[in-house]
Amino acid sequence: MARSPLTREAVLAAAAALVRRHGPVALTMRGLAAELGTAVTSIYWHVGNREQLLDALVERTVRDMEAIRPAGRTPAERILSVARTLRRELRERPHLIAMVHERGLTDRMFLPAQQALVQEVHAAGLRGTRAADAVRAIQFQIIGFVLVERHRERSPAQSPAESELWDPADAPHDAPLARALSRPADPEHLFLLSVRALVRSLLAPAAPPR
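Note that the structure is a prediction, hence the values are computed from the model and not measured.

Trainee: Could you give an account of the nonpolar core, with specific residues and numbers?
Mentor: Taken as a class, soluble globular proteins show a tendency for nonpolar side chains to be buried jointly. Membership of the largest hydrophobic core comes to 53 residues, with the highest contact counts inside it found for Leu27, Leu32, Ile43, Leu53, Leu57, Leu86 and Val121. Not counting the four nearest positions on each side in its chain, leucine 53 is found in contact with Leu12, Ala15, Leu27, Met29, Leu32 and Val47.

Trainee: An account of the packing of helix H5 (residues 75-92) against helix H11 (residues 187-203) is requested, with residue identities and associated values reported.
Mentor: Between H5 and H11, whose axes approach to 10 Å, the crossing angle comes to 140 degrees. Here H5 lies oblique to H11, going by the angle between them. Crossing geometry of H5 relative to H11 is assigned as right-handed. Contact residues: H5 offers Ala76, Ile79, Leu80, Ala83, Arg84 and Arg87, while H11 offers Pro187, Glu188, Phe191, Leu192, Val195, Arg196, Val199 and Leu203. A class-by-class count of the residues in the contact of H5 with H11 yields 10 nonpolar, no polar and four charged.

Trainee: Describe unusual backbone geometry, listing the residues and the values that go with them.
Mentor: In this structure, the amide linkage connecting serine 159 to the following residue, proline 160, adopts the cis form with an omega of 5 degrees. Locating proline 160 in the fold gives a position in the loop between helix H8 (128-154) and helix H9 (162-165).

Trainee: Outline the packing of helix H1 (residues 8-22) against helix H2 (residues 29-36), listing residues and values.
Mentor: It is at 10 Å that the axes of H1 and H2 come closest, and there the two elements cross at 115 degrees. Judged by the angle between their axes, H1 and H2 are roughly perpendicular. For the crossing formed where H1 meets H2, the hand is right-handed. Touching Ala10, Val11, Ala14, Ala15, Leu18 and Arg21 of H1 are Leu32, Glu35 and Leu36, all from H2. Taken together, the residues of the contact of H1 with H2 break down into seven nonpolar, no polar and two charged.

Thresholds, definitions, all that
Residues numbered from 1 in each chain as written. Predicted model: local features only at pLDDT ≥ 70, side-chain atom pairs only at ≥ 80, totals over all residues. Heavy atoms only, no water. Core = buried A, V, L, I, M, F, W, Y, C linked by side-chain atoms within 4.5 Å. Buried < 20%, exposed > 50% of the residue type's maximum accessible area, 1.4 Å probe, protein only. Contact = heavy atoms within 4.5 Å. Axes fitted to C-alpha atoms, helices over the stretch in contact; angles between N-to-C directions. Helix = DSSP H or I, 4+ residues; strand = E, 2+ residues; numbered from the N terminus. Parallel < 35°, antiparallel > 145°, perpendicular 65-115°, else oblique. Left-handed = near helix turned anticlockwise from the far one by under 90°. Nonpolar A, V, L, I, M, F, W, Y, C, P; charged D, E, K, R; others polar.

Written as structure tokens, this is what we have:
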């Protein structure tokens, strides 16, 4: 069976997959050529040298983040959809996001998500400084949550663990709380809970001046 002709996009897709699995250090021209079953010269022909390849991967990652589109019936639902998508994209490609950051393109990468959030806070009736503060608060909540998740996942095993530190006897006034805190945290639940609460507060009508 004839192999499909090698394309620049196929090279970039394979390179991105390598970086996502093993980090930029694992991305060598020989390793990429082996992954694609082609000659190293073919890789150079399509993407240039390794630095040019890394630059192209960064640009590709920035473009991928432009595909974030809100979904839902209300501004709050659509903001939540942007938040969930952005969190997923950041979690799925930490090495590529780090490469974007190292090249000083983080703000550009987040611009499409910011623009989507601006559209939704405008739809909710916010304007001016209040709208800008809402957009940034939501963005910071998403990014900060992902950073905390990454830190927890990469931290050494804790001893004693959180589940061992809480016992109903330690909180006789609220045993259900102690039981809940003795169970592993559910990041997805906590993310949705925190973003929903933040969005509800930010989109609430402003209190009339006294």
